[in-house]
Amino acid sequence: QVQLVESGGGLVQAGGSLRLSCAGSGRTFSTNGMGWFRQAPGKEREFVAGISWRGGITYYGDSVKGRFAISRDNAKNTVYLQMNTLKPEDTAVYYCAARRDTLPSTNQNAYDTWGQGTQVTVSS
């Protein structure tokens with residue numbers, strides 16, 4: 001079964017840090033562009049970060065630039081999202097996704113494999 005599984009979410013105070021992981025199984029994702037998205041209650045899903053298959057190209061949403069960093073370890077079939085200086089407005093369910101292209105995309109419709117999500121809650 002091909003799947004992506006996110007982990008690392010939780011409750012953190014404003015200004016704190018978390019690192020999310022997205023582990024792939026069932027096949028290798030080493031040649032796929034990967035992305036992180038998030039969805040807060042009552043809001044649409046938004047792009048957070050994306051990374052190319054070798055990690056040389058990264059994209060970030062405007063609201064997380066300078067605070068979040070995406071990376072990947074293809075040997076572990078895993079993508080990470082390091083989140084620093086967290087704010088209450090970062091509270092959301094975070095999803096990772098893979099697309100059948102070596103480059104990432106900011107468009108969620110470009111991705112065809114999604115994880116179940118992990119909750120991140122930032123308290124003020």
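Higher on the page you've got the structure.
Residues numbered from 1 in each chain as written. Predicted model: local features only at pLDDT ≥ 70, side-chain atom pairs only at ≥ 80, totals over all residues. Heavy atoms only, no water.

Peer 1: Please clarify how the nonpolar core should be interpreted in this entry.
Peer 2: In summary, soluble globular proteins display a tendency toward joint burial of nonpolar side chains. Core analysis: the largest hydrophobic core is formed by 25 residues, its most contacted members being M34, W36, V48, F68, L81, M83 and Y94. For this core, the secondary structure elements donating two or more residues are strand 3 (18-25), strand 4 (33-39), strand 5 (46-51), strand 7 (68-73), strand 8 (78-83), strand 9 (92-99) and strand 11 (118-123). Ranked by the residues each element gives to this core, the list is headed by strand 9, at 4 residues. Aside from chain neighbours lying at most four places away, what touches Y94 is E6, L20, W36, F37, R38, V48, F68, L81, M83, G117, T118 and V120. (Core = buried A, V, L, I, M, F, W, Y, C linked by side-chain atoms within 4.5 Å. Buried < 20%, exposed > 50% of the residue type's maximum accessible area, 1.4 Å probe, protein only. Helix = DSSP H or I, 4+ residues; strand = E, 2+ residues; numbered from the N terminus. Contact = heavy atoms within 4.5 Å.)

Peer 1: What exactly am I supposed to notice about the pattern of salt bridges here?
Peer 2: Side chains bearing opposite charge may pair, as long as their charged atoms lie close to each other. One pass over the full model with this rule turns up 6 salt bridges. Measuring nitrogen to oxygen at the nearest pair gives 2.8 Å for the salt bridge that ties D90 to R67. Residue D90 is found in the loop between strand 8 and strand 9, and its partner R67 is found in the loop between strand 6 (58-60) and strand 7; the two are separated by 23 residues along the sequence. Pair check on accessibility: D90 and R67 agree, each one buried. Put simply, R99 and D101 hold a salt bridge, and the shortest N to O gap is 3.9 Å. Given the relative accessible area of 15%, R99 is considered buried. Judged by relative accessible area, D101 falls into the partly exposed class, the value being 32%. Three or more residues are tied together by salt bridges with common partners; here these are R38, E46, R67 and D90. (Salt bridge = Lys/Arg side-chain N within 4 Å of Asp/Glu carboxyl O.)

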